[in-house]
Amino acid sequence: MMRLIVAAGGGGDAVAAAMLHAALYGDNDQAVIFTFAWDRLLIDPRPGPRGADGFTGLEQLTRSVRSVPATARPIPPGGSTLPRLAAGLPHTLALLDPHHGAEGITRQLEEVVSHLAPASIDLLDVGGDILAQGDEPTLKSPLADALTLAACCQVDAPTRLLVAGAGLDGELSSDTLRPLLGPLVHTFTAEDVDAIGGILDWHPSEATAMLAATARGARGTCEVRDAGLPVPLTDESPTVHEVDLDDALSRNSLARAVMTTATLDEAEAHCREICGFSEIDYERNKAAWLAEQPPAKLDPDDVLSRLDQFHSEARARGVTHTTFRHLTEALHLNGSHREALRQLLISSRPEQYAAPLWRIPSDVSSPR
């Protein structure tokens, strides 16, 4: 039996989709996970999402849809976590390509639904910003969610909208989202995280990393992103709730606006008009800034010294955990150092690795 899961926000949501599949459907069914190739600049130095023309080795699934096998490769200088993700998951990863707007994504979904006749269709968003109105001052990345919501609402097939880890993306708070959530579908457990193996040991998603960490019992405050946003880790964090799809569309003004878009540029223009910004513009500006920075070197002694200072300041802010993405930027390293930093920290301070997060020690004066 085949299931279709649309990951609203990209690779991190695709990892959560694999956790969800294991939890709800078990090992007997297989899934096609539809996802964007849209990684942060730490992974992909090119702003915005990659389309099918950004890869070699994709496989044709339908006329408009390509799957991403483990042997696929992003075309330099672009980067993508999807091929490595495909190697670690027992599911088919299908590439959502937003370059033809919501109309193009709708066409892709319709083709896959017709081709596979899936037993169920789930649209999964980690964090819940798919329920944003569009004018919230804390909103950071509304475009991908709006496009997938707009497309799913136009497909002539029953689709269930699921929100996992409400508030974990640091955009809309759990207090804001709680009244909007419908029935509890599942609460993730450590066993659900174990079902995806060690993927989150290397995958850079912050929201899904916090989702997994809270499923394993982590509680406190996690600092994320380049801006160091504080995200509460609570008993609500590992839950999955259903939300009425039409209610979400009625709330999300950007999703309604992009429904008839035929290009990504059109969708971006609506995002700037409704939300006051486009997250791709933010990525463009940051990429230009990063290109002007001198190359940083990872000197272990220097890094560990700066880590102690970061620990002290973070603890003073009430932070209990952070992500390796945030650590990489907070310690003034670039994305190419992320994995080396992770290995250095885990080997030097293994007791602080609260997989897949980094725990801030209560004793900030502990020796290196």
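Residues numbered from 1 in each chain as written. Predicted model: local features only at pLDDT ≥ 70, side-chain atom pairs only at ≥ 80, totals over all residues. Heavy atoms only, no water.

Q: So what exactly am I meant to see when it comes to the overall build of the protein chain here?
A: A tally of regular secondary structure across the protein chain gives 15 helices and 16 strands. If you take every contact in the protein chain between residues at least 6 apart in sequence, the share linking residues at least 24 apart comes to 76%. Summed over its atoms, the accessible surface of the protein chain is roughly 14,700 Å², and 50% of this surface lies on carbon and sulfur atoms. With 30 positive and 51 negative side-chain charges, the protein chain shows a separation of 5 Å between the mean positions of the two kinds. (Helix = DSSP H or I, 4+ residues; strand = E, 2+ residues; numbered from the N terminus. Contact = heavy atoms within 4.5 Å. Areas by Shrake-Rupley, 256 points an atom, 1.4 Å probe, with all protein chains shown as cover. Lys, Arg positive; Asp, Glu negative; His and termini not counted. Charge placed at Lys NZ, Arg CZ, Asp CG, Glu CD.)

Q: Explanation requested: unusual backbone geometry in the structure shown.
A: Apart from glycine, the bulk of residues carry a negative phi angle, and the bulk of peptide bonds sit in the trans form. Omega for the peptide link from proline 76 to proline 77 comes to 5 degrees, which places this bond in the cis form. Counting through the fold element by element, proline 77 comes out in the loop between β6 (73-74) and α2 (82-88). Not every positive phi belongs to a glycine, and arginine 225 is a case in point at roughly 60 degrees. Inspection of the secondary structure assignment puts arginine 225 in the loop between β11 (220-224) and β12 (229-233). The class of arginine 225 is buried, set by a relative accessible area of 10%. (Buried < 20%, exposed > 50% of the residue type's maximum accessible area, 1.4 Å probe, protein only.)

Q: So what exactly am I meant to see when it comes to the nonpolar core here?
A: Across soluble globular proteins, you tend to see nonpolar side chains buried next to one another. Core analysis: the biggest nonpolar cluster contains 50 residues, and Phe34, Leu123, Leu131 and Leu143 have the highest contact counts within it. Of the residues forming this core, the biggest block, eight residues, is contributed by helix α4 (residues 143-152). When near neighbours in sequence (up to four residues on either side) are disregarded, leucine 123 contacts Val6, Ala8, Ile130, Thr148, Leu149, Cys152, Thr159, Arg160, Leu161, Leu162 and Leu245. Formed by 47 residues, the second largest nonpolar core is a distinct cluster that contains Ala17, Ala18, Leu82 and Leu85. (Core = buried A, V, L, I, M, F, W, Y, C linked by side-chain atoms within 4.5 Å.)

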